[in-house]
Each structure stands twice: as C-alpha cells, then as structure tokens.
Amino acid sequence: MDLKISFPDDKTRRTCSWHLRKFAKAKAILAPSSTEGYLQLHKERGFGMQYRGDNSRTFFPTQTGWDAFVEFTRFLHLAEPFATRSTKNDTYQAAQKAFANMLSDGLLPETVEDLVAYFPHSFTTALSVRAKRCFSKVQGLNLDDDYFLRVGQCWLGNFAGLCFDAIPETPTGHKKYAIETIGDVFDGETAVFAAERNFGTDDRVEEESAYQWEFALSVLCLMINLTYQPAFGRLWPIRLLERPEHGLAAQRSFSIIEDGDATVERQIGLAMKFVEPWFDINISIVDEWHDSLGLSIFNRIGAEKMFRDAELASRLVDAVLYFRQAASQSTLEMQMSTLWISVESIFATSNQDVVKTNLNGLTAMIPNILKRDRWPQGVGTPEELRKVFKKFYDWRSRTVHQGRRGHVSWRDVEDFSVVVGAIIVGVAYLIDEGMRTGEELKVRIGELLGGGA
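As the structure is a prediction and not an experimental result, all values here were calculated from the model.

Trainee: Explanation requested: the overall build of the protein chain in the structure shown.
Mentor: If you tally the helices and strands in the protein chain, you get 18 helices and 14 strands. Contacts spanning at least 24 positions in sequence make up 69% of the contacts within the protein chain whose residues lie at least 6 apart. Working note: accessible area of the protein chain is about 23,700 Å², and carbon and sulfur atoms make up 51% of it.

Written as structure tokens, this is what we have:
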C-alpha cells in the first residue's frame, strides 16, 4: 500500500532529504552474534541507540548516523499523513524499523519514498485507511430520553441506544463475547460518549478522542452551569470513568463518636456516599441550549477547520477547557483562580495591562449578555460590577502570588462561574457573527465602554 507523502513546504522536504543522505553516508554495524560483543555495543552506544527490524536483526549506528536519523524523523513527522495520523513516537518507531529492514537487505535509502516500502504494514494501513471510534462511560449525567446529543465532535447518549448489528460475527464468536463483556459494566441507562470516527494509529486516535471528550465535557459543564442554580460546586462528578476507582458505586467512611460523658460508651458511625447522576438532560433542556446558549456554535467551533484556525475561536476553546478545570479544583481559592485563567484566555495578551484588559472585557460585556438577576450578589450597576470583579481578581492574586487561603466563599465562586460562563457564550455568538481576532474583540469592548478601552 503506497503512501503519498506531502511536506508542508519545499524547505522542509529538502531538510528532511539532507538528513537522510547524511544518514546514508554514516556507518551502521550489524549486532554481533556473541552475547559479549552485543552487550559491549550496548554499553558503548546505549540501549536506545539501535535499529531493530522485523527479523530481529539489530544494527548499531555511529553517533553521526544516529543524529541524522533523529533529525530525519523529526522533519518527516511534519509531513502528511504522519502529522495528523500518527504520534511522533509512532513515526519514530516505524522509521527505525524501516531503516533496519533496508539495512538487512543491504540497501541504503536515497529518498524518502525509498523508505515507504519498508514501513511496517500495520503502520502504513493506519496512516491510510484505518478508522476507529472510541466510546467511554460518562458519570454525573442522566439522559431522560432515548436519543443521542451532539456535543462538540462527540455524541452523548445512553448505552441502550447503541446498535452493534453492523458488526459481523467472527467464526470464533469474538463479537458475542466482546458485547457480553461490555455489558458487565454498561447497563442500558449508562451515559456514553462516542468520539469522532478518527483515522490513524492507536496512539493518535487515543489522543484525538481524549481531546474531543475533554472539549465536549467542558461544553456540557458550561451549559449545565448556566441551566441549573447553583451548579458549579457540583460539576466535578461529570467526567469519563477512565480509571477503575472512578467506577465505584458507593464510598464508605467511618468515625468514632464520643459524647463527652465518661459513662457513655464510644460509638462507631458509618457514612456512605453514592455516585449517582446529578444532572438530568432532556429534549427541552437541549432545545434551550441550542436556542439560548449557542450549543450548535460550540459544536461547529469544535469540529470545523475554519473556526479552529481562527485566533479568537482558539482562545474560546482554551477558555472552555479551563472552565471545566476550574470546576474540578478541590478548593474554592483554586476554583476562583482557574476561572480567571478562563477569562484571560479570551481577553488578555502579553502586550496589555492584564488586569485592566480583563476588567474592561467583563464590565463591558456582562450588562449586555447577562440578566441582572444573575449578576453577583448585591451588585446593581456597571460600576459595582467593576468593583466586585476587581475584588475577585485581588483574591486570585492573593492565592496565586501569596499562597493565602480562606478568603473566597462558595457564593463568590458560584456567582463568578455564571459570569465567566456568560462571557464564553457571548464570545461564541460574536464568533458566529464573523468576529475572528482578539483585536476585533478589543475594538468591540472599546465601543461598549464608549471609547474607554
């Protein structure tokens, strides 16, 4: 199976070819058959500094040859399909084996195309036609209706809604066994995330799926936080069950109780906490997300290249991801501080007064996008808004720069999480209207402030 290699530019192709020719001029030594000689070469050149082929023949390069090989693979990975369908380590391992196989045949590569025929078949297949869609169990959600919901690049639904009929049974009955095994941990009402149908090596697909899940989970947390009140402090259970300990249905703890009276015997207390779905999602809620919170916009930003390549959309994605990270923090101070990172992802640049930029952005946008009854408690005017945002930022500085704690309340975090969520949604609508850069957003903020940005 031939691979059509496409470099991003001629300079990268020339540089890659130069390192390949440099490698061809260097000496590579076939590993000796004696154990003593083999170990001596390992001692001189290191265990990682070798080319091992399919037939277990191992070659030890000179330092010059090895340096050229490492640089060659680094530039090769900039080409397609390597850049988008394999990890750097996948490319490195495949090239290493291909070099060893060529050397075993008594050949030296002269062009990049010479090497393609020697890539492992499984690697070539993964880079050309192999597709994989990953599924994962989601905790913290209860889907009331029998449907799949699009979030980012993923689909969210109940396990019972999946159909495996299109997968043929094998002579060994592998499909039946696999589905029975999956059924041991996925009941019909289990919430499931389906990642995009990704192409590439296993490691590359895992990387892509993990990012798609993370973005989708972050969008869900954003939507839920603006739908349920108060919600931010309860968002942390919304996660993938990626580790065995995440799947425990109940947690038990105990205590020893003394009432203070010496005549009363001590008692043992038992506490149980159950992991249950905390947030319901149904058709009416999803319709509200599309109508009022721009869910379809977030889906397009997560999936379409025209948005991914735009500066402001990239900032928005960072803000969404940090929003969920804020909800996952275990202390109120770190939740507040990480929410500020989400804000700065949108507004701040290295050449600006960060505090002023953040305060201007929040003060300008919030009166136009958030109903007054959702403003921070006790705030009624834009001037008061700016003061409370300044106070929140001072608290962030007290945490990050002074290591203090105990100065943030749960009410402050809940109030600010609604503000940050509204800002993210507001910027998403601006992107949908055609805004693409942080500079355009800065101009809009200046207009809202009456030219005072």
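What follows picks up the thread again.
Trainee: Please clarify how the side chain of Ser342 should be interpreted in this entry.
Mentor: Looking at where Ser342 falls in the secondary structure, it is placed in helix α14 (residues 332-347). Non-local contacts of Ser342, meaning those with residues more than four positions away in its chain, are made with Ala319, Tyr322, Phe323, Val420 and Ile424.

Trainee: I tried to follow the packing of aromatic side chains on my own but got confused; where do I start?
Mentor: Each aromatic ring pair is described using two quantities: the centre-to-centre distance and the angle formed by the ring planes. Tallied over the entire structure, the rule returns 20 aromatic pairs. Relative to Phe99, the ring of Phe72 lies with its centre 5.7 Å away and its plane at 65 degrees, an arrangement referred to as edge-to-face. Taken as a pair, Phe72 in helix α3 (residues 63-76) and Phe99 in helix α5 (residues 88-104) lie far apart in primary sequence, 27 residues in all. Considered together, Phe72 and Phe99 belong to a single accessibility category, that of buried residues. A ring pair is formed by Phe82 and Phe119, whose centres lie 5.8 Å apart and whose planes are at 65 degrees; its orientation type is edge-to-face. Of this pair, Phe82 sits in helix α4 (residues 82-85) while Phe119 sits in the loop between α6 (112-116) and α7 (121-128); the two residues are 37 residues apart in sequence, bridging distant segments of the chain. The class for Phe82 is buried, based on a relative accessible area of 0%. For Phe119, a relative accessible area of 6% gives the class buried.

Trainee: Which parts of the structure should I look at to understand the sheet that holds strand β5 (residues 135-139)?
Mentor: Two modes of strand pairing occur in sheets, parallel and antiparallel, and in both the strands are linked by backbone hydrogen bonds. Within the open sheet, the five strands sit side by side as β7-β8-β9-β5-β11. Their pairing is antiparallel. Looking at strand neighbours, the two that pair on one side only are β7 (149-151) and β11 (239-240), the edges of this open sheet. Pairing of strand β8 (residues 154-158) with strand β9 (residues 191-194) involves four bridges; the strand directions are antiparallel. Paired with Gly157 across the two strands is Val192, which belongs to β9. Strands β5, β7, β8, β9 and β11 of the sheet are contacted by helix α9 (residues 202-225), whose axis makes an angle of about 130 degrees with β9.

Trainee: So what exactly am I meant to see when it comes to the packing of α14 against helix α16 (residues 382-402) here?
Mentor: Helix packing geometry: the angle between the two helix axes and the distance between the axes. Viewed as axis vectors pointing N to C, α14 and α16 meet at an angle of 115 degrees, and their least axial separation amounts to 9 Å. Regarding the angle of α14 to α16, the classification is roughly perpendicular. Between α14 and α16 the crossing geometry is left-handed. The segment α14 lies against α16, with Glu333, Met334, Met336, Ser337, Trp340 and Glu344 engaging Phe389, Phe392, Tyr393, Trp395, Arg396, Thr399 and Val400. The class makeup of the residues in the contact of α14 with α16 is eight nonpolar, two polar and three charged.

Trainee: What am I meant to see in the pattern of salt bridges here?
Mentor: Oppositely charged side chains can pair when the atoms bearing their charge come close. Evaluation of the coordinates by the stated rule reveals 16 salt bridges. Glu311 is paired through a salt bridge with Arg315; the nearest N and O atoms lie 2.9 Å apart. Of this pair, Glu311 and Arg315 both sit in helix α13 (residues 311-328), four residues apart, which is roughly one turn of that helix. Residues participating in the shared-partner salt-bridge network are Arg130, Lys132, Asp202 and Glu206.

Basis of the calculations
Counting restarts for each chain: residues are numbered from 1 in the order of the written sequence. It should be noted that, the model being predicted, local features are given only for residues of pLDDT at least 70 and side-chain atom pairs only at 80 or more, the latter also being counted only at that level, while totals for whole chains, interfaces and linings use all residues. Computation of side-chain values: all heavy atoms of the structure, hydrogens and water removed. Counting from the N terminus, the helices are DSSP H or I runs at least four residues long and the strands are E runs at least two residues long. Only heavy atoms matter for contacts: two residues are in contact if any of them lie within 4.5 Å across the pair. Note on areas: Shrake-Rupley with a 1.4 Å probe; residue coverage comes only from the protein chains shown. Side-chain rings of Phe, Tyr and Trp, where Trp is taken by its six-membered ring, are said to pair if the distance between their centres is within 6.5 Å; with planes under 30 degrees apart they count as stacked, over 60 as edge-to-face, and otherwise as tilted. Each residue's exposure class comes from its accessible area (1.4 Å probe, protein chains only) as a fraction of the maximum for that residue type: buried when under 20%, exposed when over 50%, partly exposed otherwise. Paired strands, in this sense, are two strands between which DSSP finds at least two bridges. Fitted lines through C-alpha atoms serve as axes, helices being fitted only where they are in contact, and the angles separating the N-to-C directions of these axes extend from 0 to 180 degrees. An angle counts as roughly parallel when it lies under 35 degrees, as roughly antiparallel when it exceeds 145, as roughly perpendicular when it falls between 65 and 115, and as oblique in every other case. We call a crossing left-handed when the near helix sits turned anticlockwise from the far one by less than a right angle, and right-handed when that turn is clockwise. The residue classification treats Ala, Val, Leu, Ile, Met, Phe, Trp, Tyr, Cys and Pro as nonpolar and Asp, Glu, Lys and Arg as charged. All others, Gly included, are polar. For this analysis, a salt bridge means a side-chain nitrogen from Lys or Arg found within 4 Å of a carboxyl oxygen belonging to Asp or Glu.

Everything listed is a geometric property; what it means functionally is a separate question.
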